[in-house]
Amino acid sequence: MSSWKRIEGPCRSRARSAAAAASRRAAQVRAEAGFPPNRAWEHTFAVFYFILGHTIEEQAQSRMPTGDNWTARLAAAGLDTNDPLATGLKTLAATDPSERFSYGLRVFLAGVQQHAPEAAVGPNEAETTRDS
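No experiment lies behind these values; they were computed from the predicted model shown.

1. A look at the overall build of the protein chain
Move 1: Within the protein chain, the secondary structure is distributed over six helices and zero strands.
Move 2: Across the protein chain, helices and strands are ordered from the amino to the carboxyl terminus as α-α-α-α-α-α.
Move 3: Within the protein chain, counting contacts between residues at least 6 apart in sequence, those at least 24 apart form 36% of the total.

2. Side note on the environment of H43
Move 1: Looking at the secondary structure, you find H43 in helix 2 (residues 37-62).
Move 2: Spatially, the C-alpha atoms of H43 and V112 are 7.5 Å apart, while their sequence positions differ by 69 residues.
Move 3: Apart from residues no more than four positions distant in its own chain, H43 is found in contact with R30, F35, F108 and V112.

3. Re the pattern of salt bridges
Move 1: On inspection of all chains with the given rule, the structure shows two salt bridges.
Move 2: A salt bridge links R25 to E32; the shortest N-O distance between them is 4.0 Å.
Move 3: E32 sits in the exposed class, given a relative accessible area of 55%.
Move 4: Taking the shortest distance from any N to any O, the salt bridge between E42 and R39 comes out at 2.4 Å. In this pair, E42 and R39 both sit in helix 2, three residues apart, roughly one turn of the helix.
Move 5: On the accessibility criterion, R39 (42% relative accessible area) is partly exposed.

4. What to know about the packing of aromatic side chains
Move 1: In the structure shown here, the tally under the stated rule is three aromatic pairs.
Move 2: Measuring from ring centre to ring centre gives 5.3 Å for F50 and F101, while their planes differ by 25°; the resulting arrangement is stacked. Within this pair, whereas F50 is found in helix 2, its partner F101 is found in helix 5 (residues 97-114), the two being separated by 51 residues in sequence.
Move 3: Judged by relative accessible area, which is 26%, F50 ranks as partly exposed.
Move 4: Grouping aromatic residues by their ring pairs yields a cluster made of W41, F45 and Y49.

5. Things to note about the environment of L92
Move 1: Residue position: L92 is located in helix 4 (residues 84-94).
Move 2: Owing to a relative accessible area of 46%, L92 belongs among the partly exposed residues under this scheme.
Move 3: Placed 21 residues apart in sequence, L92 and T71 show a C-alpha to C-alpha distance of 9.0 Å.

6. Considerations on the packing of helix 2 against helix 5
Move 1: Where helix 2 meets helix 5, the axes come as close as 11 Å, and the angle between the chain directions of the two elements is 165°. In terms of orientation, helix 2 lies roughly antiparallel with respect to helix 5. With respect to the hand of their crossing, helix 2 and helix 5 are arranged in right-handed fashion. Taking contact as the criterion, the partners of H43, A46, V47, F50, I51, H54, E58 and Q61 in helix 2 are, on helix 5, P97, R100, F101, G104, L105, F108 and V112.

About the cut-offs
- Residues numbered from 1 in each chain as written.
- Predicted model: local features only at pLDDT ≥ 70, side-chain atom pairs only at ≥ 80, totals over all residues.
- Heavy atoms only, no water.
- Helix = DSSP H or I, 4+ residues; strand = E, 2+ residues; numbered from the N terminus.
- Contact = heavy atoms within 4.5 Å.
- Salt bridge = Lys/Arg side-chain N within 4 Å of Asp/Glu carboxyl O.
- Buried < 20%, exposed > 50% of the residue type's maximum accessible area, 1.4 Å probe, protein only.
- Phe/Tyr/Trp six-rings, centres within 6.5 Å; stacked < 30°, edge-to-face > 60°.
- Axes fitted to C-alpha atoms, helices over the stretch in contact; angles between N-to-C directions.
- Parallel < 35°, antiparallel > 145°, perpendicular 65-115°, else oblique.
- Left-handed = near helix turned anticlockwise from the far one by under 90°.

So, in structure tokens, the structure goes:
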């Protein structure tokens with residue numbers, strides 16, 4: 001067995017154990033807040049997939065050759081500057097990945113809160129959440 005395989009095996013095992021523990025804890029917190037267990041797990045998987053997708057995209061962008069980035073590709077595509085899709089893509093390409101992630105996570109959590117059982121939100125939050 002190569003030395004890489006000997007290192008990789010335990011690392012992957014620990015990573016899986018850590019991910020499983022984090023998943024279990026995240027779902028447990030939601031369940032304790034009053035979400036049904038199936039919804040608690042659905043929220044947990046959804047946020048982890050959001051994180052994973054963002055990480056993959058950020059890594060892909062960081063590995064692009066110098067001068068080859070989404071902004072350059074959009075400019076080369078010659079999209080109509082009045083096209084809403086072009087505007088959105090240009091905005092995404094120009095925004096710092098950590099800002100995009102933070103905004104996306106806030107939107108995700110706000111959506112989860114909209115579906116929270118009454119017991120999961122405080123009295124002031126319940127009025128805001130239900131009226132929004």
